[in-house]
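Listed below, chain by chain, are the residues.
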Amino acid sequence: MKSFVRIAAVALAPLLAGCPGNPLEDTVCTQEARSAVSVELRDARTGAALTGPATLTVREGAFVETAEFPADLSSIGVAHERAGVYVVTVSKPGYREWTRAGVSVTRDECHVKTAVLRADLEPAQ
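These lines cover the structure that appears in this document, whether it is placed above or below. Since the structure is predicted, the reported quantities are computational estimates derived from the model, not experimental observations. (Residues numbered from 1 in each chain as written. Predicted model: local features only at pLDDT ≥ 70, side-chain atom pairs only at ≥ 80, totals over all residues. Heavy atoms only, no water.)

### Thoughts on the sheet that holds strand E2 (residues 54-60)
The 4 strands are arranged E3-E2-E5-E6 in an open sheet whose pairing can be described as antiparallel. Two strands lie at the open edges of the sheet, namely strand E3 (63-69) and strand E6 (98-105), each paired on one side alone. Taking the axes of each pair of neighbouring strands and ignoring which way they run, one obtains an average angle of 20° across the sheet. Pairing geometry for E2 and strand E5 (residues 84-91), over 5 bridges, is antiparallel. Bridge pairing links Leu56 to Val90 in E5. (Pairing = 2+ DSSP bridges. Helix = DSSP H or I, 4+ residues; strand = E, 2+ residues; numbered from the N terminus. Axes fitted to C-alpha atoms, helices over the stretch in contact; angles between N-to-C directions.)

### A word on the state of the cysteines
Per the stated rule, a full pass over the model turns up 1 disulfide. Here Cys29 engages in a disulfide with Cys110; their sulfurs sit 1.8 Å apart. Since a negative S-S torsion denotes a left-handed disulfide, the Cys29-Cys110 link at about -65° is left-handed. Highlighted residues: Cys29 in the loop between helix H1 (2-16) and strand E1 (37-43) and Cys110 in the loop between E6 and strand E7 (115-121), separated in sequence by 81 residues. (Disulfide = S-S within 2.5 Å.)

### Observations concerning unusual backbone geometry
The bulk of non-glycine residues show a negative phi, and the bulk of peptide bonds are trans. For the bond from Gly52 to Pro53, the omega torsion is 10°, close enough to zero to count as cis. Of note, the phi angle at Ala79 is positive, near 55°, even though the residue is not glycine. Structurally, Ala79 can be placed in the loop between strand E4 (75-78) and E5. Judged by its relative accessible area of 1%, Ala79 is buried. The backbone of Glu81 shows a phi angle near 55°, a positive value even though the residue is not glycine. Summarising the element assignment, Glu81 is placed in the loop between E4 and E5. (Buried < 20%, exposed > 50% of the residue type's maximum accessible area, 1.4 Å probe, protein only.)

### As for the sheet that holds E1
Across a sheet, strands are paired by hydrogen bonds formed along the backbone, either parallel or antiparallel in direction. Read across the open sheet, the 3 strands follow the order E4-E1-E7; overall the sheet is mixed. In the strand order of this sheet, the two ends are held by E4 and E7, each with one partner. Adjacent strand axes in the sheet meet at a mean angle of 25° when their direction is disregarded. In this structure, E1 lies alongside E4, joined through 4 bridges in antiparallel fashion. Of the residues in E4, the one forming a bridge with Val39 is Ile76.

### Considering the pattern of salt bridges
Proximity of charged atoms lets side chains of opposite charge pair with each other. Under the counting rule described, the total for this entry stands at 5 salt bridges. Note that Glu60 is salt-bridged to Arg82, the shortest N-O span being 2.7 Å. With a gap of 22 residues between them, Glu60 in strand E2 and Arg82 in the loop between E4 and E5 connect regions that are remote in the sequence. Exposure remark for Arg82: the relative accessible area of 26% places this residue in the partly exposed category. For Glu81, the salt bridge goes to Arg107, with nearest N and O atoms at 3.7 Å. Here Glu81, found in the loop between E4 and E5, pairs with Arg107, found in the loop between E6 and E7; they are 26 residues apart in sequence, far enough to count as distant. (Salt bridge = Lys/Arg side-chain N within 4 Å of Asp/Glu carboxyl O.)

Here it is, written out as structure tokens:
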């Protein structure tokens, strides 16, 4: 009888995965802090990756976070573990300001679900 119960439990596990109260699966959350918003910089004309200097700003109501793109990175993340609906702005010398409003970030039982954006920056001239 015990082997039948074990076989049934193994067979049902895929069907129960992700179900609240699933007795066969406990949620195990990682200790990492995930970005709510991640932005990759690209040149709109060439498609080439751009690196810093550039400034990323996210806003939701009174919350504002600003981060600087390092000279060797074309993407960064901000607003760690903070769900919300954001206005995202990127400023880079020699390019027009890029803005995206209504960027929605939700969360699951452990972390935020990162909104991954590609900022195609238009040269200023």
